[in-house]
Amino acid sequence: MIKPDAVQRGLVGEIIKRFEMKGFKLIAMKFFRPTQELLQQHYAERSFFPALMEYMGSGPVVSMVWEGLNIVRSGRQMMGATNPANALPGTIRGDFSIQTGRNIIHGSDAVETANKEIALWFAET
């Protein structure tokens, strides 16, 4: 998911381009402002919940589903470390982010997590 700070900064195309250039296939995409209910479900297990909820609800996001060999592992490598100060140059966070609280992008940490998040973020409305 491309977070509100990246959407606001006009980085959506650049981020999508990186995944496409790597050879992954975009199979679903949704541009919208998430509801508080959706954010509560997504971040229910996080201790930093209130500040994160406020930030994630501050503007539109771009939720995506990517397909390809080792997409979860490769995607997380492409994103870089959660803390941009530790993200290597050439990664999305290393190139575009300087603050953990505004770190541009979210990616699932496992296939099981991805399946849960896809069901949540792409539920029929």
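Up top you'll find the structure we're talking about.
Residues numbered from 1 in each chain as written. Predicted model: local features only at pLDDT ≥ 70, side-chain atom pairs only at ≥ 80, totals over all residues. Heavy atoms only, no water.

**With respect to the packing of aromatic side chains**
Stage number 1. Under the definition given, this model contains 3 aromatic pairs.
Stage number 2. Summarising the aromatic geometry, the rings of Phe19 and Trp66 are spaced 5.1 Å apart at their centres and angled 25 degrees between planes, so their arrangement reads as stacked. You can see Phe19 sitting in helix α2 (residues 12-22) and its partner Trp66 sitting in strand β2 (residues 61-67), a full 47 residues away along the chain.
Stage number 3. Assessed through its relative accessible area of 12%, Trp66 is described here as buried.
Stage number 4. Members of the aromatic cluster, each reached through a chain of ring pairs, are Phe19, Phe24 and Trp66.
Stage number 5. Stacked on the ring of Phe32, the Lys or Arg Lys30 has its end atom at 4.6 Å from the ring centre. (Phe/Tyr/Trp six-rings, centres within 6.5 Å; stacked < 30°, edge-to-face > 60°. Helix = DSSP H or I, 4+ residues; strand = E, 2+ residues; numbered from the N terminus. Buried < 20%, exposed > 50% of the residue type's maximum accessible area, 1.4 Å probe, protein only. Lys NZ or Arg CZ within 6 Å of the ring centre and 35° of its normal.)

**Quick look at the packing of α2 against helix α5 (residues 71-79)**
Stage number 1. Where α2 meets α5, the closest approach of the two axes is 11 Å, and the angle between their N-to-C directions is 130 degrees. Classified by the angle between their axes, α2 and α5 sit oblique to one another. Two packed elements cross with a definite hand, and for α2 against α5 that hand is right-handed. Of the residues in α5, those in contact with Arg18, Phe19 and Lys22 of α2 are Ile71, Gly75 and Met78.
Stage number 2. The class makeup of the residues in the contact of α2 with α5 is 3 nonpolar, 1 polar and 2 charged. (Axes fitted to C-alpha atoms, helices over the stretch in contact; angles between N-to-C directions. Parallel < 35°, antiparallel > 145°, perpendicular 65-115°, else oblique. Left-handed = near helix turned anticlockwise from the far one by under 90°. Contact = heavy atoms within 4.5 Å. Nonpolar A, V, L, I, M, F, W, Y, C, P; charged D, E, K, R; others polar.)

Purely geometric numbers; function is a separate question.
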